[in-house]
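The chain contents come next:
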Amino acid sequence: MSVSDDAAAIQKKYGIVGRKKELETALAAISSGKHLMIEGPVGVGKTILAVAVANHLGRPIFRVDGDERYTEQKLSGWFDPPIVLEKGYISEAFAPGPLTGAMREGGILFMNEMNRMPEGVQNILLPAMDEGIIEIPKIGTVRAKKGFVVIGTQNPREFVATTALSEALSDRFELLILDYQPE
């Protein structure tokens, strides 16, 4: 199936009106091994497009909705204190977060409203996106399986409660800009 055929199939299955070029761009970026950032104002369908593309790929999806209270530990994973106290830092005491889960399963980490998250949460993505690895203290190196990709959405920087992604993080995404469609 071609990218154009896949885009048409997504439009039909998920009821997406228009956006064929944007769907083709998203599919081409991901099929070439790139991570995707979809940016646009509220109401242009960023989340709908991202979820439709993610579902179409047929990989496990790990969704994170961004806000300023989200922490690095929620993204990567944490140790369960009662198990650690009883048995120590063993792998069974580690509760993987969405990033670790997506990497281990070759899945999609869908980060909605990414530029509403603290910088520390954003920065934990750098080695995962760049090298396909993250280091978990007491666990070791987690390597991404083939198929791991990050799809993010963000509002333009001038929107309330948003911050600009660092240049280092922005450079790891293919940027797809959405605006309001004509009638």
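What you are looking at is a predicted structure, and each value in this text was computed from that prediction instead of being measured.

Along the protein, the regular secondary structure elements total nine helices and nine strands. By the compact-globule yardstick of 16 Å for 183 residues, the protein fits well, its C-alpha radius of gyration being 17 Å. Within the protein, buried positions represent 44% of all 183 residues. Within the protein, contacts between residues separated by at least 24 positions form 73% of all contacts whose residues are at least 6 apart in sequence. Counting every atom, the protein has about 9600 Å² of accessible surface; 52% of that belongs to carbon and sulfur. Of note, the protein has its 20 positive side-chain charges centred 5 Å away from the centre of its 24 negative side-chain charges.

Orientation of helix α1 (residues 3–14) relative to helix α2 (residues 20–31), taken along the N-to-C sense of each, is 120°, at an axis distance of 9 Å. It follows that α1 is oblique to α2 by the angle criterion. Regarding α1 and α2, the two cross each other, and that crossing is right-handed. Along the contact surface, α1 presents Val3, Ser4, Asp6, Ala7, Ala8, Ile10 and Gln11, while α2 presents Lys20, Leu23, Glu24, Leu27 and Ala28. Looking at the contact of α1 with α2, its residues break down into seven nonpolar, two polar and three charged.

Turning to the nonpolar core, a few remarks are in order. The biggest cluster of nonpolar side chains holds 29 residues, and the ones touching the most others in it are Leu75, Leu99, Leu109, Met111 and Leu125. Sorting the residues of this core by element identifies β2 (61–65), α6 (98–105), β5 (108–112), α8 (125–130) and β6 (133–136) as the ones contributing at least two each. If you tally residues by element for this core, the top one is α8, at four residues. Excluding residues that lie within four positions of it along the chain, Leu125 makes contacts with Leu75, Leu99, Leu109, Met111, Met114 and Leu169. Counting 22 residues, the second largest nonpolar core, distinct from the first, contains Leu23, Ile30, Leu36 and Leu49.

Our next topic: the confidence of the model for the protein. The predicted model of the protein has a mean per-residue pLDDT of 88, with 96% of residues at 70 or higher. When mean pLDDT is compared element by element in the protein, α6 scores highest at 95, while helix α7 (residues 119–123) scores lowest at 82.

Here we take up the pattern of salt bridges. Counted under the stated rule, the structure contains four salt bridges. Linking Arg63 and Asp65 is a salt bridge whose minimum nitrogen-to-oxygen distance equals 3.1 Å. By relative accessible area, which is 44% here, Arg63 ends up partly exposed. In this structure Asp65 comes out as partly exposed when scored by relative accessible area, which is 42%. In this structure, the salt-bridge partner of Arg172 is Asp130, at a minimum N-O distance of 3.2 Å.

The five strands lie next to each other as β2-β5-β8-β1-β9, forming an open sheet whose pairing is parallel. The open sheet is flanked by β2 and β9 (173–177), the only strands paired with a single partner. On average, each strand axis in the sheet is inclined to that of its neighbour by 15°, with strand direction left out of account. By the bridge criterion, four bridges tie β5 to strand β8 (residues 149–154) in an arrangement that is parallel.

Calculation notes
Residues numbered from 1 in each chain as written. Predicted model: local features only at pLDDT ≥ 70, side-chain atom pairs only at ≥ 80, totals over all residues. Heavy atoms only, no water. Helix = DSSP H or I, 4+ residues; strand = E, 2+ residues; numbered from the N terminus. Rg over C-alpha atoms; globule rule 2.2 N^0.38 Å. Buried < 20%, exposed > 50% of the residue type's maximum accessible area, 1.4 Å probe, protein only. Contact = heavy atoms within 4.5 Å. Areas by Shrake-Rupley, 256 points an atom, 1.4 Å probe, with all protein chains shown as cover. Lys, Arg positive; Asp, Glu negative; His and termini not counted. Charge placed at Lys NZ, Arg CZ, Asp CG, Glu CD. Axes fitted to C-alpha atoms, helices over the stretch in contact; angles between N-to-C directions. Parallel < 35°, antiparallel > 145°, perpendicular 65-115°, else oblique. Left-handed = near helix turned anticlockwise from the far one by under 90°. Nonpolar A, V, L, I, M, F, W, Y, C, P; charged D, E, K, R; others polar. Core = buried A, V, L, I, M, F, W, Y, C linked by side-chain atoms within 4.5 Å. pLDDT = per-residue confidence, 0-100. Salt bridge = Lys/Arg side-chain N within 4 Å of Asp/Glu carboxyl O. Pairing = 2+ DSSP bridges.

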